[in-house]
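A closer look at the structure
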Amino acid sequence: MMDQGVTESPKSIPLEIPYKDKPNEGETSLEKEVDLPQSNHSSHLWKKPKLKQYWHDGVLYRSRSSNNVDISVLFVDLLYVGIIAINADTTIEDPTTDALLHFCVTFLPTWKVWSDIAILVSQFEADSLTQRSIVLFILACLVGFTTNINSAWSTTYSQLIAFYVAARITVVIITLVLAFFIPRIRPIMLLNFISILIPIAFWIGSCFMDSKSRETLIWLAISWDMWGSFVTVLIVRDIPKVSKSLGDKFARVFHTFPAIEVEHRSERVGAFVSLVFGYSVVGILYQNQGKFGINAFYGKAVLGLIQAFCFNWMYFDVDERYQVEAAHLARKHVISAALWFNAHLPFIMGFTLSSAALSRLVVAHDCPNADPERLMPTFAERSEAELSSGLRWFYCAGLGIAFFFMGGLAVSTDSMALEG
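Predicted model, so just to flag it, every value in this text is computed and none were measured.

**Details of unusual backbone geometry**
Here N369, not a glycine, exhibits a phi torsion of approximately 60 degrees, which is positive. Summarising the element assignment, N369 is placed in the loop between α12 (344–363) and α13 (377–380).

Printed below as a string of structure tokens:
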């Protein structure tokens, strides 16, 4: 029953689970876990890609080795945290509404590239030098994108978009290669191919327009990048509710499509969030040159540490049950699962912006017992007598947004639990 790189083993274990996303109520789906040989070909130049898990006619097939974590993804996380740190630090240099807009425009594309890498590694197995070289090339594009953030709105916008488009075109090529080597998922991969090309056209078009006119194309491109694939999945999944005959045709064409390993995905998101919390801790560190280091600077740094500790505690300890439930329930509740994953984006954006503002708040000499001469020259230069209203808004609003969407993570998981 399994072909194209996924062979069914006599030891496969079918597990019946309720599948709420099928058109007819009361139907069930089978989850089949299959023994596959372990990949040990990272020294090979090329290896034919294989599906780690996929849906076929309402049955989820999963490899027993699908939970293996690719080390290259961990390296991507480290690089991406550095990228968002540069982005946030650039934003707080001039804390205005324009700076906030630029922060969003440059943050979202890098998030999309990070998500693409995580999803591809989760869905497909191709542990070879070619795969790692492709990941390295995409990371090089991200580095090029980041080096052009600071002057993007004056002189380097075209370079910024060129690096991002290069990363997305790489994903386009990967999609075509997967469609060629795995025919059973060719229809859905070609649909993804078209979905990726649409925002690329918008991004390229924005390079030939003036700064005021390009914003429309930018937000059209970002909107499609963020939610275009989700819309296509909903269309394929829910078309039977609109027309049974059309639904039957879609079922014959899109009978097989890759599945996301939700346990792997939730673990990757959790690991990335921990790195974001680590960035907030780095931001509060400074160097003292006074004889007695217990002062207002130290007090504000400790308060920032307590804040990061509490966020980490709430996310990983208090809400640990939500993380576990989400991994098991996300397969059955597509919309709630999508909300759970997507709520991390504004949560991380808000917390990152708040942490960047906090780094300036700690060294500000805007209160008693905060003499800037006690700071080392590097930090004394950043010390301000009074925080601007923009920095205050970035810190307070960013923290509030992070709290709000952390609550949204819990609500979405409760929704999945109630539906289940």
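**With respect to the pattern of salt bridges**
Opposite charge on two side chains makes pairing possible when the charged atoms of those side chains draw close. Summed over the entire model, instances satisfying the criterion amount to 7 salt bridges. Across the salt bridge formed by K112 and D116, the nearest N and O atoms sit 3.7 Å from each other. Residue K112 and its partner D116 are both found in helix α2 (residues 97–123); the two are separated by 4 residues, about one turn of the helix. An identical accessibility class is assigned to K112 and D116; each is buried. Residue K244 is joined to D248 by a salt bridge in which the shortest nitrogen-to-oxygen separation is 3.6 Å. Here K244 pairs with D248, and both are found in helix α7 (residues 244–253), just 4 residues apart, close to one helical turn. According to the relative accessible area criterion, K244 is exposed, its value standing at 62%. One salt-bridge network, held together by shared partners, links K112, D116, R168 and D225.

**Describing the packing of aromatic side chains**
Counted according to the given criterion, the structure contains 23 aromatic pairs. Measuring from centroid to centroid gives 5.2 Å for Y80 and F272, while their planes differ by 35 degrees, and the two rings are tilted. Of the two residues, Y80 is situated in helix α1 (residues 71–92) and F272 in helix α8 (residues 262–283); the sequence distance between them amounts to 192 residues. Overall, the relative accessible area of 1% leaves Y80 in the buried class. The class of F272 is buried, set by a relative accessible area of 0%.

**Thoughts on the packing of α2 against α8**
Two elements in contact, α2 and α8, have axes whose closest approach is 10 Å; the angle formed by their N-to-C orientations is 140 degrees. It follows from the interaxial angle that α2 and α8 lie oblique. The handedness of the crossing between α2 and α8 comes out as right-handed. Contacts between α2 and α8 pair W111, W114, S115, A118, I119 and S122 from the former with H264, R265, R268, V269 and F272 from the latter. Class assignment of the residues belonging to the contact of α2 with α8 gives a composition of 6 nonpolar, 3 polar and 2 charged.

**Regarding the nonpolar core**
Side chains of nonpolar character tend, in soluble globular proteins, to be buried together. Ranked by size, the top nonpolar core spans 81 residues in total, and within it F107, W111, W203, F272 and F347 carry the most contacts. The element that contributes the greatest number of residues to this core is α12, accounting for 11 residues. Grouped together as the second largest cluster of nonpolar side chains are 15 residues, L51, Y54, I185 and V236 included.

Cut-offs applied
- Residues numbered from 1 in each chain as written.
- Predicted model: local features only at pLDDT ≥ 70, side-chain atom pairs only at ≥ 80, totals over all residues.
- Heavy atoms only, no water.
- Helix = DSSP H or I, 4+ residues; strand = E, 2+ residues; numbered from the N terminus.
- Salt bridge = Lys/Arg side-chain N within 4 Å of Asp/Glu carboxyl O.
- Buried < 20%, exposed > 50% of the residue type's maximum accessible area, 1.4 Å probe, protein only.
- Phe/Tyr/Trp six-rings, centres within 6.5 Å; stacked < 30°, edge-to-face > 60°.
- Axes fitted to C-alpha atoms, helices over the stretch in contact; angles between N-to-C directions.
- Parallel < 35°, antiparallel > 145°, perpendicular 65-115°, else oblique.
- Left-handed = near helix turned anticlockwise from the far one by under 90°.
- Contact = heavy atoms within 4.5 Å.
- Nonpolar A, V, L, I, M, F, W, Y, C, P; charged D, E, K, R; others polar.
- Core = buried A, V, L, I, M, F, W, Y, C linked by side-chain atoms within 4.5 Å.

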